[in-house]
Structures are given as structure tokens and as C-alpha cells.
Amino acid sequence: MESGALFHPISREGGLVLNNLFLSVAALAVLIGTLYPLLLEALTGAKISVGPPFFNLTAVPLMVPLFLAIPFGQRLAWKRGDLYGVAQRFWVASALALFIGAVVAYLAGGGPVLALLGITLGLFLTLGSLDEIRERAMRGGREGALRRLVGLPRSFIAMALAHAGAGIMVIGISATAFEKEQLATLQPGQSVRLGQYLVQLRKIEPYAGPNYNATAAHFIIRDHTGVVGELAPAKRVYIGRQMPTSEVGRLNLGLSEIYLAIGETSTGDRVDLRAYWKPYVLLIWLGPLLMTLAGLLSLTDRRYRVGAPQRAKRQPNAVPEPAE
Amino acid sequence: MKGLRGFLLVLAVMIAAPVFAVQPAERLADPALEQRARALGHELRCLVCQNQSIDDSDAALARDLRLLVRERIKAGDSDRQVLDFLVTRYGEFILLRPRVSMQTALLWGLPIVALGLGGLAARALFRRREEEAEPEAPLDADEAKALAAILGERDKPS
């Protein structure tokens, strides 16, 4: 961007500046939030805590406008972009995101408004980014679309995939608002409802490990179709230092997970259960994984593979220099 | 040797994920009040832990604080009154979201100031570039013809 040529705020350069500004400020907020309590205590002796509520309050307002801008930014032309023209190019994907968001809201029967908006934002980001791949492949008609798709620069495909990964992560984060949590004291045979699932305690069983004594609680998890899995969370007491620990039971259900943990107050005939249903929680991992893979893919772009050798071939007449 | 043991102890406590914090018996009967207690629990720091909220911690003190919060809520305190009560007892240290004050002005202000300054700098950058740039001269007849020829050649099916 050191060209000095004419460029507008609404342009690819403008998008990159916006991107860097928002990400830098978010990083700065994390840095300040981390160091501020230390500095304040060192300078004035006053002790304060800076925890998750602070970081949520600073990071989210910065990320939302950035995520909204991404599908536009990736389509803007260098130097001088046309925001309206760009918006027209992916209005179908945007409308689809709004539609799916509305369907999710309907199926969820309402729910937290911010989370529903977050899911729609994630869909907009995912579909809006991926749609440019389709658009570029289809440019010039259906004929030869596959050939054009294969021929697209890998750096471009990587960009679209990475942006989609960010969108998938946003969907996963928003979905945490729909998680269900249940606390209960159960005796064998009793069960507790966790969202659409029924968690039933089958038996409580003590067992001995190599260097610990444990109490495992065996649970059966059912939904309306029948048994979906069995879990045996346990509490352990390590004999050496009388250290109690908790072994979580984790059940994977596609992209969602169920966690069960039992409390230290559990006895031989009843357990204190803490159960979580985390819908679509794996998206929080899959999104960044996609971003990472896209980053690797972008490194295999043509300009990195064939740039240097080609330049060398262009000088067949180069006179080798005598080595003394 | 003692240092190593202490370190191992800390490590063991960190690895032994305290997944069980709020106990069933602690809960309030009224779900709406319990909901408020849980929300407040995430805003309050367990004073003896490494930056854990009282809802996430299974330390004895965290349990006492959870019970205290529920006691105040049952007594009819608003969220704000509960927080005020805890701050007078334990100090600002207990709040995971520090209040805006002279002490925390920089903490809350710097990100906003940085965003504002960055925005102004970006705007100045675009302004200057626009002023510096020469207006693009229109193509003369020869150039236009050359361009058309090049474009025509490129668009021919190969």
C-alpha cells in the first residue's frame, strides 16, 4: 500500500486498513486488560480484577463490525471499490443467511435475541465468503465452470475458506447461549431432564485405580428415539496426597456434546450431578481449524511455488562469473 | 525441594479441572432468583483462586460467597446492591468487571481512544493520498485504440 496512487476509503486497501485497525485495537484491549491490574497494584497498591466480562465487553463490539465488513471487503476492487455493486453480487447469499437465521429462530422458539443475531451474522459471514468461489467459477456461464473452479488462485480460495471459518466460529460461539445446564441430586434409578435428553443414573460403583480410589456413577442418556449413549463420570481421591479430582464424562453427538460431572459430596447411595448440553460447541474448534488449513493452503499459492524459478529461466544468456 | 512440591501442587490443582462448582443444595427455589444469582456469580472473583469466578470455583470461600449472594438476593437486594455490599466487604478486587473510576479510567478509555486515533489516522491517510494523487489523464486516441486491440486479443477464445 505504499504505491501512493489514488485510492478510496471504500476499496480493498480501505478494507485492509479497517481490518488491521480493529484487530490491533482488540489485541491492545487484551494486553491492557492483562497488564493493568499488575501496573495499578505496583503504582498505587490498589488491587482490581479484570476478568471475562471485561474482555467480552471490549472484544465483541470490535469484532461484530469487522465480521459484518468481511464479505464486502473480500470483493472490493483495489484502489476504488463500489460498495453497492459489491452488495448486489452476493445478495442471494445474504438473503439465504437471513432466511436460515429466521428458521433457526422459529425452530428454537425465540430464545436470546443477541444469540440469534449472532448466528445470522455467522451465516452471513460463512455464506457470503464462500459464495464468491461459486461466483468466480460461474463467471462466463455454466460451461467450463469446473475448469475455472480448479484454476482459481489458491490464495483466493484460501481467503474465502478462512473467512468462512470465522463465520463458523461465530455460529458456534453464538450457539453457546442455547446450552442447557442441570444440577441434581440423584439416587440410582432416578433421572433428570437435560434439554431434549433424559439422563438416568444406573448405579454408583467404587473402584480402585493404581494410585487412587474412585467412585464412578454410571449414567444412561436417552432422547425420544432411545438410548444415545452411556457415561461414567467419576471422582477420584489420590491416595498419596488425598487429592480429590473429578473425571468428566463426555458424550459426542455430532457437533454437540454432553458433559456430566459428579460432585465431591456424592456418597455411596446418591450423587450430585452437574450436566451440560453444549449444542454445536465443536464449531468453535472447527472454524479456527478451517482458518488454519486455509492459511496453509494460501502458502501453496502459485506465486510462492513458481515465482523464483521462472525468473531464473528468463535469463538464459546470463554469463557465469568466474570464481577467481 | 519445597518449591518443587509447591509447584507440583499448583499444577495438580490446575489439571484437576474444577468442573463442579455450584452444588445442587445451594440453589434457590425460585428459578428467576437463581438465574440472577448465577449471572452475578460470573461477575465475582473467587478471592483465593487464580482469576476464577465464584461460579467456576470449588474453593470453600467461593461456596461461602455463592451462599452470601443468594442470601442477599433472597433478602430483596437488587443486583447492584449485592455488588455494592460485596465491594464494601471485600474491595474492588472482587469484581471481574472493574467499575469505571479514576483508577480504571485508562483501562476502559485506552481501547476507545486507540480506536478513535486509529480511525482518524486512517482517514488522514486516505485524505492525503487523494490530494496527492494526480487526476488521471483521459486516454488519447492512440492509447484507446491500443487498449481496445489488447482487450480484443485477450477475449478471443483460445
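Analysis parameters
- Residues numbered from 1 in each chain as written.
- Chains lettered and ligands numbered in written order.
- Predicted model: local features only at pLDDT ≥ 70, side-chain atom pairs only at ≥ 80, totals over all residues.
- Heavy atoms only, no water.
- Salt bridge = Lys/Arg side-chain N within 4 Å of Asp/Glu carboxyl O.
- Helix = DSSP H or I, 4+ residues; strand = E, 2+ residues; numbered from the N terminus.
- Buried < 20%, exposed > 50% of the residue type's maximum accessible area, 1.4 Å probe, protein only.
- Contact = heavy atoms within 4.5 Å.
- Buried area = accessible area lost by both parts, 1.4 Å probe.
- Polar contact = N/O pair within 3.5 Å; in protein donor to acceptor, adjacent residues only side chain to side chain.
- Phe/Tyr/Trp six-rings, centres within 6.5 Å; stacked < 30°, edge-to-face > 60°.
- Axes fitted to C-alpha atoms, helices over the stretch in contact; angles between N-to-C directions.
- Parallel < 35°, antiparallel > 145°, perpendicular 65-115°, else oblique.
- Left-handed = near helix turned anticlockwise from the far one by under 90°.
- Nonpolar A, V, L, I, M, F, W, Y, C, P; charged D, E, K, R; others polar.
- Disulfide = S-S within 2.5 Å.
- Expected span 1.5 Å × (residues − 1).
- Bend = angle between axes of the 7 residues up to and from the residue.
- pLDDT = per-residue confidence, 0-100.

Trainee: I'd like to hear about the pattern of salt bridges, residue by residue, with values.
Mentor: Residues and elements named next belong to chain A. All told, the structure shown has 21 salt bridges over all chains when counted by the stated rule. Here R89 ties to E135 by a salt bridge, and the two come within 2.7 Å at their closest N and O atoms. One end of the pair, R89, is in helix 3 (residues 83–89); the other, E135, is in helix 5 (residues 113–138), with 46 residues separating them in the sequence. Given a relative accessible area of 13%, E135 falls into the buried group.

Trainee: If you had to explain the interface of chain A and chain B to someone new, which residues and values would you point to?
Mentor: With 51 residues of chain A at the interface, the matching set in chain B holds 42 residues. In this assembly, chain A packs against chain B so that about 3,800 Å² is buried in total across both faces, 69% of it on carbon and sulfur atoms. When the area that chain A buries against chain B is broken down by residue, the three leading residues are S49(A), L183(A) and R274(A), summing to 16%. Our count for the chain A to chain B interface comes out at 1 salt bridge. A salt bridge links E181(A) to R38(B), with the nearest nitrogen and oxygen atoms 3.0 Å apart. Seen at the junction of chain A and chain B, the total is 6 residue pairs in polar contact (both at pLDDT 80 or more). Secondary-structure elements contributing two or more residues to the side of chain A that touches chain B are helix 1 (12–44), helix 2 (52–73), strand 1 (180–186), strand 7 (243–247), strand 9 (256–262) and strand 10 (271–278) of chain A. With 13 residues, helix 1 of chain A is the single largest residue contributor to the side of chain A that touches chain B.

Trainee: Please set out the environment of L282(A) residue by residue, giving values where relevant.
Mentor: Residues and elements named next belong to chain A. Mapping L282 onto the fold places it in the loop between strand 10 and helix 8 (283–299). Taking the C-alpha atoms as reference, L282 lies 36 Å from G144; in sequence the two are 138 residues apart. Setting aside residues no more than four positions away along its own chain, L282 makes contact with N252, G254, L255 and E257.

Trainee: Explain the packing of aromatic side chains residue by residue, including any values.
Mentor: Two aromatic rings are characterised by how far apart their centres lie and by the angle between their planes. All told, the structure shown has 8 aromatic pairs over all chains when counted by the stated rule. Arranged with centres 5.4 Å apart and planes meeting at 85°, the rings of F54(A) and F55(A) form a pair that is edge-to-face. We classify F54(A) as buried; its relative accessible area is 0%. You can call F55(A) partly exposed: its relative accessible area is 23%. Relative to W108(B), the ring of F54(A) has its centre 4.8 Å away and its plane inclined at 65°; by these criteria the two rings are edge-to-face. One end of the pair, F54(A), is in helix 2; the other, W108(B), is in helix 5 (residues 105–132), on a second chain. Residue F54(A) shares its accessibility class with W108(B), and that shared class is buried.

Trainee: Quick rundown of the side chain of D55(B)? Include the residues and the values.
Mentor: All names here are of chain B. Considering the arrangement of structural elements, one finds D55 in the loop between helix 2 (31–41) and helix 3 (60–74). The class of D55 is buried, set by a relative accessible area of 0%. A polar side-chain atom of D55 sits 2.9 Å from a polar atom in the side chain of R38.

Trainee: Go over the packing of helix 2 of chain B against helix 3 of chain B, please, and point to the residues and values.
Mentor: Residues and elements named next belong to chain B. Remark: helix 2 packs on helix 3, axes separated minimally by 10 Å, with the N-to-C direction vectors making an angle of 135°. Regarding the angle of helix 2 to helix 3, the classification is oblique. Considering the relative orientation of helix 2 and helix 3, their crossing is right-handed. Residues L33, E34, R36, A37, R38 and L40 of helix 2 lie in contact with helix 3, whose contacting residues are V69, R70 and I73. The residue makeup of the contact of helix 2 with helix 3, split by class, is 5 nonpolar, no polar and 4 charged.

Trainee: Account for the state of the cysteines, naming residues and giving values.
Mentor: Residues and elements named next belong to chain B. What the rule picks out here adds up to 1 disulfide over all chains. Here C46 engages in a disulfide with C49; their sulfurs sit 2.2 Å apart. In this structure the cystine formed by C46 and C49 twists about its S-S bond by roughly 55°; its chirality is therefore right-handed. As far as the burial class goes, C46 and C49 line up, both buried.

Trainee: So what about helix 2 of chain A? Which residues, and what values?
Mentor: Residues and elements named next belong to chain A. Between its terminal C-alpha atoms helix 2 stretches 30 Å, which fits the 32 Å expected from 22 residues at 1.5 Å a residue. Taking the largest bend as the criterion, helix 2 deviates by roughly 25°, centred on V60, and proline P61 comes between one and four positions later. Turning to helix 2, its buried residues are P53, F54, T58, L62, M63, L66, F67, I70, P71 and G73.

Trainee: Could you give an account of the confidence of the model for chain A, naming the residues involved and the relevant values?
Mentor: Looking at chain A, the pLDDT average stands at 88 and 91% of residues meet or exceed 70. Within chain A, the lowest mean pLDDT, 53, falls on helix 10 (residues 307–313) of chain A, and the highest, 96, falls on helix 8 of chain A.

Trainee: Could you give me a rundown of unusual backbone geometry, with the residues and numbers involved?
Mentor: Outside of glycine, negative phi angles account for most residues, and trans bonds account for most peptide bonds. Residues and elements named next belong to chain A. A positive phi angle is found at Y280, which is not glycine, with a value near 55°. In this structure, Y280 sits in the loop between strand 10 and helix 8. For Y280, a relative accessible area of 45% puts it in the partly exposed group.

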